[in-house]
Amino acid sequence: MNKIPVYFMPGMAASSRIFEKIQLPEERFEIFYLEWLNPIAQETLTEYTARIAANIHHENPVMIGVSFGGIIVQELMKIRPSLKTIIISSVRSNKEFPLKIKLARSTKIYKLFPTNWLSEIEGTLAKFGSAKQKKKLNLYQEYLSIRDPKYLDWAFENIIKWNRNEADQEVIHIHGDQDEVFPIQRIHRAIVVKGGTHAMIIYKHHWFNKNLSHIILNDTDEQID
């Protein structure tokens, strides 16, 4: 039996290490990891996605994306047919964006906030933060390893400007009911993970290891505990 190729795309600024605790049965699946590329000046989301697609070497793979990576795998569907596309802690259209992202899009206020503030906050927390804050900072630095301001500016702008107005009903959506970036109240037709935050791919890995292979192999919109 041929193994099913499964490609994982991490979230904004994250490396594929966010998937290090995710396991699928080796006899059925073969796992591959996609990574973020440095954007080219004035590169569109479509052009960028085409460069990501060059690293997919199988026909009709399963594609799984987290957060902004979920947007990327949906864009990949336009140029690389997939057996199944699954998004985690993401959105299926810009109608699911929270109000603050919609306001940022309409006012373009995001252009006023340089993304190098992330490094400044890290430095402050490392010096003066509490033990709990420093622990979170260490995890943040471990998994969100991409710090290039050009990439961060490009990614932030392309999330906000994503122009998909209608959800693709073929996309399977897994979402936490405690997601602080994309609140569950605006999410339509998702498999809901109880207690799942935006970072649940890391903290709820046991749930994914229990359920993800079933979701891949079956057509389901059912609630999974």
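Parameters at a glance
Residues numbered from 1 in each chain as written. Predicted model: local features only at pLDDT ≥ 70, side-chain atom pairs only at ≥ 80, totals over all residues. Heavy atoms only, no water. Core = buried A, V, L, I, M, F, W, Y, C linked by side-chain atoms within 4.5 Å. Buried < 20%, exposed > 50% of the residue type's maximum accessible area, 1.4 Å probe, protein only. Helix = DSSP H or I, 4+ residues; strand = E, 2+ residues; numbered from the N terminus. Contact = heavy atoms within 4.5 Å. Pairing = 2+ DSSP bridges. Axes fitted to C-alpha atoms, helices over the stretch in contact; angles between N-to-C directions. Polar contact = N/O pair within 3.5 Å; in protein donor to acceptor, adjacent residues only side chain to side chain.

Re the nonpolar core
So, point 1. With 33 residues, the main nonpolar core has Phe68, Ile72 and Leu76 as its most contacted residues.
So, point 2. Breaking this core down by element, the ones donating at least two residues are β1 (4-9), α1 (45-53), α2 (68-76), α3 (99-107) and α6 (149-160).
So, point 3. Not counting chain neighbours up to four residues away, the residues in contact with Leu76 comprise Leu34, Thr49, Ile52, Ala53, Ile56 and Met63.
So, point 4. By size, the runner-up hydrophobic cluster in this structure holds 26 residues, among which are Ile18, Ile174, Met200 and Ile216.

Description of the sheet that holds strand β5 (residues 172-176)
So, point 1. Spatially, the 6 strands line up as an open sheet ordered β2-β1-β3-β4-β5-β6, and their pairing is parallel. Every interior strand has two partners, whereas the edge strands, β2 (29-33) and β6 (191-193), have only one. Neighbour-to-neighbour, the strand axes of this sheet turn through a mean angle of 20 degrees, independent of strand direction.
So, point 2. Note that strand β3 (residues 62-66) and strand β4 (residues 84-88) share 5 bridges and pair parallel. If you follow Val66 over to β4, its bridge partner there is Ile88.

Comments concerning the environment of Leu37
So, point 1. By secondary structure assignment, the location of Leu37 is in the loop between β2 and α1.
So, point 2. C-alpha separation for the pair Leu37 and Arg51, spaced 14 residues apart in sequence, amounts to 8.2 Å.
So, point 3. The residues contacting Leu37, other than those within four sequence positions of it, are Tyr48, Arg51, Ile52, Asn55 and Tyr151.

Some remarks on the side chain of His173
So, point 1. Looking at the element boundaries, His173 is found in strand β5.
So, point 2. Looking at His173, its side chain comes within polar contact range of the main-chain oxygen of Ser90, at 3.0 Å.
So, point 3. Engagement of the side chain of His173 in a polar contact is seen with the side chain of His175, the distance being 3.0 Å.
So, point 4. When sequence neighbours within four positions are dropped, the list of residues in contact with His173 reads Ile87, Ser90, Val91, Arg92, Glu96, Ile187, Arg189, Ala190 and Ile191.

What to know about the pairing of β1
So, point 1. Along β1, 6 of the 6 residues are buried, which leaves the element largely enclosed by surrounding structure.
So, point 2. Residue alternation in β1 divides its side chains into two sets, Ile4, Val6 and Phe8 and Pro5, Tyr7 and Met9, and both sets are buried.
So, point 3. Looking at chain direction, β1 and β2 are connected through 5 bridges and run parallel. Within β2, the residue paired with Val6 across the bridge is Ile31.
So, point 4. When β1 meets β3, the two strands line up parallel, connected through 4 bridges. Residue Tyr7 lies in a different strand from β3, and its bridge partner there is Met63.

Quick look at the side chain of Ser213
So, point 1. Mapped onto the elements of the fold, Ser213 is located in helix α8 (residues 205-217).
So, point 2. Ser213 has contacts with Leu24, Pro25 and Phe29, leaving out every residue within four places of it along the chain.

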